[in-house]
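Per-entry structural report
If you want the building blocks of each chain, they are given just below.
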Amino acid sequence: MAAASSSDSDSGRAESSEASSKWLDAHYDPMANIHTFSACLELADLHGDGEYKLVVGDLGPGGQQPRLKVLKGPTVLSESPLPALPAAAATFLMEQHEPRTPALALASGPCVYVYKNLRPYFKFTLPQLPPNPLEQDLWNQAKEDRIDPLTLKEMLEGIREKAEVPLSVQSLRFLQLELSEMEAFVNQHKSKSIRRQTVITTMTTLKKNLADEDAVSCLVLGTENKELLVLDPEAFTVLAKMSLPSVPVFLEVSGQFDVEFRLAAACRNGNIYMLRRDSKRPKYCIELSAQPVGLVRVHKVLVVGSNQDSLHGFTHKGKRLWTVQMPEAILTMNLLEQRSRGLQAVMAGLANGEVRIYRDKALLSVIRTPDAVTSLCFGRYGREDHTLIMTTRGGGLIIKILKRTAVFVEGGGEAGPPPAQAMKLNMPRKTRLYVDQTLREREAGTAMHRTFQADLYLLRLRAARAYVQALESSLSPVSATAREPLKLHAVVQGLGPTFKLTLHLQNTSTARPILGLLVCFLYNEGLYALPRAFFKVPLLVPGLNYPLETFVESLSDKGISDIIKVLVLREGQSAPLLSAHISMPVSEGLAAA
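Source: prediction; values computed, not measured. (Residues numbered from 1 in each chain as written. Predicted model: local features only at pLDDT ≥ 70, side-chain atom pairs only at ≥ 80, totals over all residues. Heavy atoms only, no water.)

1. Concerning the overall build of the protein
Rule in force here: Here a helix means four or more residues in a row that DSSP labels H or I, a strand means two or more in a row labelled E, and each is numbered from the N terminus. Residue exposure (1.4 Å probe, protein chains only): buried if accessible area is under 20% of the type maximum, exposed if over 50%, otherwise partly exposed. It only takes one pair of heavy atoms within 4.5 Å for two residues to be counted as in contact. Where accessible areas are quoted, they stem from the Shrake-Rupley method and a 1.4 Å probe; at the residue level, only the protein chains shown are allowed to cover. Charge counting treats Lys and Arg as positive and Asp and Glu as negative, with His and both chain ends excluded. The atom standing in for a charge is NZ when the residue is Lys, CZ when it is Arg, CG when it is Asp and CD when it is Glu.
Helix and strand content of the protein: 9 helices and 36 strands. Out of the 593 residues in the protein, the part that is buried amounts to 43%. In the protein, of all internal contacts separated by at least 6 residues, the share reaching a separation of at least 24 is 50%. Carbon and sulfur atoms provide 52% of the accessible area of the protein, an area that totals close to 31,900 Å². The centroid of the 67 positive side-chain charges in the protein is displaced by 6 Å from the centroid of its 61 negative side-chain charges.

So, in structure tokens, the structure goes:
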């Protein structure tokens with residue numbers, strides 16, 4: 001196994017010489033047994049000694065046996081079980097007192113577990129939600145033995161399908177039971193009160209009143225109940241509550257809670273909602289064409305990854321700035337920040353085992369790994385300032401260190417925008433004529449605009465008059481009347497002197513046939529001759545295309561052509577229903593003869 005893993009590692013390094021020139025391979029363990037995602041990875045100085053450690057909210061193999069793991073270097077320092085699957089992990093400062101030791105917050109189920117010095121410190125539980133009154137009444141009747149378990153099940157199923165307030169966990173468990181188990185369950189739980197509890201879906205931190213790196217921060221929670229909660233860092237009370245149209249899955253915040261802040265929440269309905277301070281509901285909405293798989297804020301740009309294998313850049317007001325197509329599906333995203341060089345970029349882990357680093361839409365680097373990466377984390381680890389930590393789909397752990405001499409160059413990874421796109425055009429110098437015209441436009445700008453507007457209005461008037469005249473004289477190839485819905489177009493074939501003229505006449509109504517139509521040709525008899533200049537049209541069935549063929553013979557030997565007018569008329573009416581003007585080609589055969 002060790003030999004196989006080393007060969008995979010060697011092949012990955014051989015494939016990406018560009019990435020190896022920037023990154024040092026510090027550690028690779030394919031059997032680390034770490035199953036997590038980016039929201040549950042956190043780097044922090046947990047003991048205040050300058051030694052940064054890796055905190056992992058491990059889901060466990062197959063989502064079983066979730067655990068909280070703390071790694072120092074490549075080894076596991078401590079490990080403790082969790083009561084439910086972790087949703088997110090974050091480190092934050094709770095107070096300004098010395099020593100400045102950050103606390104660790106781990107969201108799991110309806111609770112946030114807070115640790116200090118890797119010891120349990122506080123447990124915050126989401127406030128309970130009011131139960132469904134109909135559900136409460138049913139369980140009260142069951143408590144008094146007024147309804148049997150089968151009737152209780154039928155009525156709870158009806159409430160679940162129609163009610164806006166979801167059922168409690170107790171009722172949902174009851175609905176999953178077999179008929180033989182229902183009576184024992186009712187007897188056991190009918191005396192208990194109905195409790196409806198939501199769970200945490202995502203979590204991040206927000207600075208309280210200062211923008212410093214070591215400032216006190218608040219916790220921001222997203223819940224399954226479509227709400228955002230901001231918690232006080234000391235008392236763990238709810239400072240603010242905001243409502244969303246859907247369940248949040250990714251959060252990005254900027255600013256300070258006491259001053260001004262912006263909050264972006266990517267939700268399950270495929271939209272990203274923007275909130276600001278003192279706003280109970282979203283201020284802006286970004287509608288995506290696909291489900292979001294990641295959300296990262298780079299300076300003032302929100303970078304969103306979608307399940308259509310693409311990265312999108314948006315402003316905070318929802319304007320799309322750019323889009324980059326990925327070669328494979330995006331599995332995870334996170335921020336790469338190199339403060340010494342003022343660099344912020346987006347890391348995207350793809351299903352083909354690549355980790356791509358982008359600054360805006362420019363590709364900076366590509367890292368190839370032996371297995372698909374499911375979580376990413378970049379920051380200070382141990383004593384190294386720039387460390388990249390990755391976990392793979394098979395439970396492996398990869399640690400890479402960015403070289404101190406590494407410089408990311410746009411286009412250094414793979415093919416991206418051509419370099420000519422960033423080159424400035426060699427603009428010609430301003431001539432004397434250009435300067436004179438500019439001065440003239442400045443001096444007579446008002447008169448020029450009035451003249452332009454007058455000409456524009458005159459053009460619109462002439463176009464309207466011509467359109468009305470065309471409708472009144474039926475010059476359009478499509479009938480404008482609802483009683484005679486017809487469509488006509490003509491095709492001329494041949495080189496001459498004899499041409500084949502085919503008229504395609506169609507009844508565009510849905511169910512009513514048309515009868516009693518005539519076709520008439522108007523032409524210069526000195527230039528053309530037709531065997532039939534006037535004939536009747538058969539019954540037109542709706543939806544069918546009727547080709548009406550005739551032949552046109554050119555009589556002129558001077559190489560000139562003219563227009564033949566085709567009129568479609570109704571018997572007993574002089575005004576045509578529709579018409580077409582056919583520009584005949586020059587007779588090539590006659591000219592050659």
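2. What about the UniProt feature "domain: Bardet-Biedl syndrome 1 protein GAE" (unreviewed entry) in the protein?
For clarity, the threshold we go by: UniProt positions are given in the numbering used here, feature names are shortened, and annotations may be inferred rather than shown by experiment.
As recorded in UniProt, the feature "domain: Bardet-Biedl syndrome 1 protein GAE" (unreviewed entry) lies at residues 486-588. Taken end to end, residues 486-588 is 1% helix and 52% strand, and its two terminal C-alpha atoms sit 34 Å from one another.

3. A closer look at the pairing of strand β5 (residues 75-81)
Here is the rule: Two strands pair if DSSP finds at least two bridges between them.
In the sheet, strand β4 (residues 67-72) pairs with β5 via 6 bridges, with the strands oriented antiparallel. Bridge pairing in β5 places L68 opposite S80. The hairpin turn running from β4 into β5, its antiparallel successor, is 2 residues long, and G73 in that turn takes a positive phi close to 70°.

4. Quick notes on a nonpolar patch on the surface
Inclusion rule: Distance thresholds for patches are 9 Å for like charges and 5 Å for nonpolar side chains (Val, Leu, Ile, Met, Phe, Trp, Tyr), applied to residues having over 30% relative accessible area and no salt bridge. By definition here, a salt bridge exists when the distance from a side-chain nitrogen of Lys or Arg to a carboxyl oxygen of Asp or Glu is within 4 Å.
On the surface, L515, L539, V541 and L544 cluster together into a nonpolar patch covering about 350 Å² of accessible area. Note on placement: L539 falls in the loop between β33 (534-537) and β34 (545-554).

5. Some remarks on the sheet that holds strand β6 (residues 86-92)
Hydrogen bonding along the main chain pairs the strands of a sheet, whether they run parallel or antiparallel. Here is the rule: With axes taken as lines fitted to C-alpha atoms, and helix axes fitted only over the stretch in contact, angles between N-to-C directions fall between 0 and 180 degrees.
A sheet is described by the order of its strands in space; here 4 strands give the open sequence β6-β7-β8-β9, paired in antiparallel fashion. Both edges of this open sheet fall to β6 and β9 (119-125), since each of them pairs with a single strand only. On average, each strand axis in the sheet is inclined to that of its neighbour by 20°, with strand direction left out of account. With 5 bridges joining them, strand β7 (residues 103-108) and strand β8 (residues 111-116) adopt antiparallel strand pairing. Looking at β8, one finds that A107 is bridged to V112.

6. Considering the packing of aromatic side chains
For any pair of aromatic rings, the description consists of the separation of the ring centres together with the inter-plane angle of the planes. Rules: Pairs were defined over the aromatic rings of Phe, Tyr and Trp, the Trp ring being its six-membered one, requiring ring centres within 6.5 Å. Orientation was assigned from the angle between planes: stacked under 30 degrees, edge-to-face over 60, tilted for the rest.
This model, assessed by the stated rule, comprises 4 aromatic pairs. Ring centres of F122 and F236 lie 4.7 Å apart, and the angle between their planes is 15°; this geometry places the pair in the stacked category. With F122 in strand β9 and F236 in the loop between β12 (227-231) and β13 (238-243), the pair connects residues that are 114 residues apart, well separated along the chain. Here F122 falls in the partly exposed class, since its relative accessible area comes to 34%. For the pair F521 and F535, a centre-to-centre distance of 6.0 Å together with 40° between the ring planes defines the contact as tilted. Placement of F521 in strand β31 (residues 517-522) and of F535 in strand β33 is noted, with a sequence separation of 14 residues between them.

7. Things to note about the packing of helix α3 (residues 133-143) against helix α4 (residues 149-162)
Helix-helix packing is characterised by the crossing angle of the two axes and by the distance between the axes. Put simply, the rule reads: Our angle categories are set so that under 35 degrees counts as roughly parallel, over 145 as roughly antiparallel, 65 to 115 as roughly perpendicular, and the remainder as oblique.
For the pair α3 and α4, the least separation of the axes is 10 Å and the interaxial angle reads 175°. In this view, α3 runs roughly antiparallel relative to α4, as classed from their interaxial angle. Here α3 contributes L134, E135, L138, W139 and A142 to the contact with α4, which in turn contributes L152, M155, L156 and I159.

8. Structural notes on the pattern of salt bridges
Two side chains of opposite charge can pair, provided their charged atoms sit close to one another. Counted under the stated rule, the structure contains 16 salt bridges. When the shortest N-O distance is used, the salt bridge between D436 and R432 registers 3.5 Å. Placement of the pair is D436 and R432 together in helix α7 (residues 432-443), with a separation of 4 residues, close to one helical turn. We classify D436 as partly exposed; its relative accessible area is 34%.

9. Structural notes on the nonpolar core
Considering soluble globular proteins, one finds that nonpolar side chains tend to be buried as a cluster. Defined as follows: Residues belong to one nonpolar core when they are buried, are Ala, Val, Leu, Ile, Met, Phe, Trp, Tyr or Cys, and are joined through side-chain atoms within 4.5 Å.
One finds L503, V519 and F521 to be the most contacted residues of the largest nonpolar core, which totals 27 residues. At 4 residues, the largest contribution of residues to this core is made by strand β30 (residues 498-507). Judged by nonpolar contacts, the second largest core, of 19 residues, contains A90, I200, M203 and L219.

10. Focus on unusual backbone geometry
A positive phi is found at K226, a non-glycine position, where the angle reads about 65°. Looking at where K226 falls in the secondary structure, it is placed in the loop between β11 (217-223) and β12. K226 gets classed as partly exposed once you look at its relative accessible area, which sits at 38%.

11. So, the environment of E354
Along the polypeptide, E354 turns up in strand β24 (residues 354-359). Taking the C-alpha atoms as reference, E354 lies 19 Å from H312; in sequence the two are 42 residues apart.

12. Details of the sheet that holds β24
Across the sheet, which stays open at both edges, the 4 strands sit in the order β22-β23-β24-β25 with antiparallel pairing between neighbours. Taken across any chain shown, the strands that pair with only one partner, and hence form the sheet edges, are β22 (330-338) and β25 (362-368). On average, each strand axis in the sheet is tilted by 25° relative to the strand beside it, whichever way the strands run. Direction of pairing for β22 relative to strand β23 (residues 343-350): antiparallel, over a ladder of 8 bridges. Across the sheet, residue N334 finds its bridge partner in β23, namely M347.

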